[in-house]
Amino acid sequence: MGTEWDTLRKQARHLENDIDMKLIAFNKVGVGASSSVAPTGNTDTSPLLGDHVFESLSLEIEQMLDKLSNINEKMSEIPNSGAAVMHVLQRHREILHGYRQEYLKIQANHTTRMEREELLRGSGLGTSSPSTSGLSRRDMYLKENTHLHSSSSLVNDQISIAMETKEHLTSQRQHLKRFQTRMHDISNRFPLISSLIQRINIRKRRESLIIGGVIAVCTIVLLVYAFH
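Residues numbered from 1 in each chain as written. Predicted model: local features only at pLDDT ≥ 70, side-chain atom pairs only at ≥ 80, totals over all residues. Heavy atoms only, no water.

Participant: How do you make sense of the overall build of the protein chain when you look at a structure like this?
Facilitator: Scanning the protein chain for helices and strands turns up 5 helices and 0 strands. The helix and strand sequence of the protein chain, counted from the amino end, reads α-α-α-α-α. Counting all 228 residues of the protein chain, 20% fall into the buried class. In the protein chain, of all internal contacts separated by at least 6 residues, the share reaching a separation of at least 24 is 78%. (Helix = DSSP H or I, 4+ residues; strand = E, 2+ residues; numbered from the N terminus. Buried < 20%, exposed > 50% of the residue type's maximum accessible area, 1.4 Å probe, protein only. Contact = heavy atoms within 4.5 Å.)

This is how it looks when you write it as structure tokens:
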């Protein structure tokens, strides 16, 4: 058990070091493949070369990760005892997981950068027309940054208008509250007026009941007279 375990562990360590170095190179190539510009201003051949190297490294790292995963599986199949051995095996699995996450992250970043540049070329910023032939990719990004800054200014203007509207509505609400308070004070200062209004309302209701009763009685009398 000891000899096989030590051999597999050495292979895992050596492979982990190789993967670490490959990931560093993979990240550099991923960045350079989407932002490199040829010295003559031709942006067609250099990115293609960078993409080819990126794909080659991607395939190589995938194979190394699969190989490291197989080594970890072989290490887990060896009968072992003790917490130290389990801790070492868990550590190798965590390293493998971290490398996979880093590999996927680099790929995702590279894809995002490439899609961004395709979008720039599709919008006319990457064409070789007379108006844009002298633009480098830095100029394209600066131009896009200008558009983003303009959009941000428009959004800030809209936010300012919304804030002013909110302040205006808050001011109106305060005016209405003050008016309501004044009306309440007036009603409290003149209790006789309030009492008079209540009496008028009571009399109105009473008169309505009397009129309703008279109409009901008259209707009943007419009905009795008609059918008699």
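Participant: Help me understand a nonpolar patch on the surface in this model?
Facilitator: A contiguous nonpolar patch, built from V155, I159 and M163 and spanning about 270 Å² of accessible area, is present on the exposed surface. By the element assignment, I159 lies in helix α4 (residues 137-189). (Patch = residues over 30% accessible without salt bridge, like charges linked within 9 Å, V, L, I, M, F, W, Y side chains within 5 Å. Areas by Shrake-Rupley, 256 points an atom, 1.4 Å probe, with all protein chains shown as cover. Salt bridge = Lys/Arg side-chain N within 4 Å of Asp/Glu carboxyl O.)

Participant: Please clarify how the environment of L89 should be interpreted in this entry.
Facilitator: Mapping L89 onto the fold places it in helix α3 (residues 83-122). Take L89: its relative accessible area is 4%, and that puts it in the buried class. A sequence separation of 16 residues divides L89 from E73, and the C-alpha atoms of the two residues are 9.5 Å apart. Not counting the four nearest positions on each side in its chain, L89 is found in contact with W5, N72, M75 and S76.

Participant: Could you clarify how one ought to interpret the pattern of salt bridges in this entry?
Facilitator: Two side chains carrying opposite charge are able to pair once their charged atoms lie near each other. As enumerated under the stated definition, the model contains 3 salt bridges in all. Residues D66 and R100 are paired through a salt bridge, measuring 3.6 Å at the closest nitrogen-oxygen approach. Taken together, the residues D66 in helix α2 (residues 45-77) and R100 in helix α3 connect sequence positions 34 residues apart. When the shortest N-O distance is used, the salt bridge between R91 and E94 registers 3.7 Å. Of this pair, R91 and E94 both sit in helix α3, 3 residues apart, which is roughly one turn of the helix.

Participant: What's the story with the UniProt feature "transmembrane region" (unreviewed entry) in the protein chain in this structure? I'm lost.
Facilitator: Mapped onto the present numbering, the UniProt feature "transmembrane region" (unreviewed entry) falls at residues 209-227. End-to-end, the C-alpha atoms of residues 209-227 are 27 Å apart, and along that stretch the chain is 100% helix and 0% strand. (UniProt positions renumbered as here; feature names shortened; annotations may be inferred.)

Participant: Explain the packing of aromatic side chains here, please?
Facilitator: Two aromatic rings are characterised by how far apart their centres lie and by the angle between their planes. One pass over the structure, following the stated rule, counts 2 aromatic pairs. Arranged with centres 4.4 Å apart and planes meeting at 20 degrees, the rings of F26 and F54 form a pair that is stacked. On the criterion of sequence distance, the pair formed by F26 in helix α1 (residues 2-35) and F54 in helix α2 is long-range, its members being 28 residues apart. Ring centres 5.6 Å apart and planes at 25 degrees place the aromatic pair F26 and Y103 in the stacked group. Remark: Y103 occurs in helix α3 and F26 occurs in helix α1; sequence separation between them is 77 residues. Its relative accessible area of 0% is what places F26 among the buried residues. By relative accessible area, Y103 is classed as buried at 5%. Through a chain of ring-to-ring contacts, the aromatic side chains of F26, F54 and Y103 assemble into a single cluster. (Phe/Tyr/Trp six-rings, centres within 6.5 Å; stacked < 30°, edge-to-face > 60°.)

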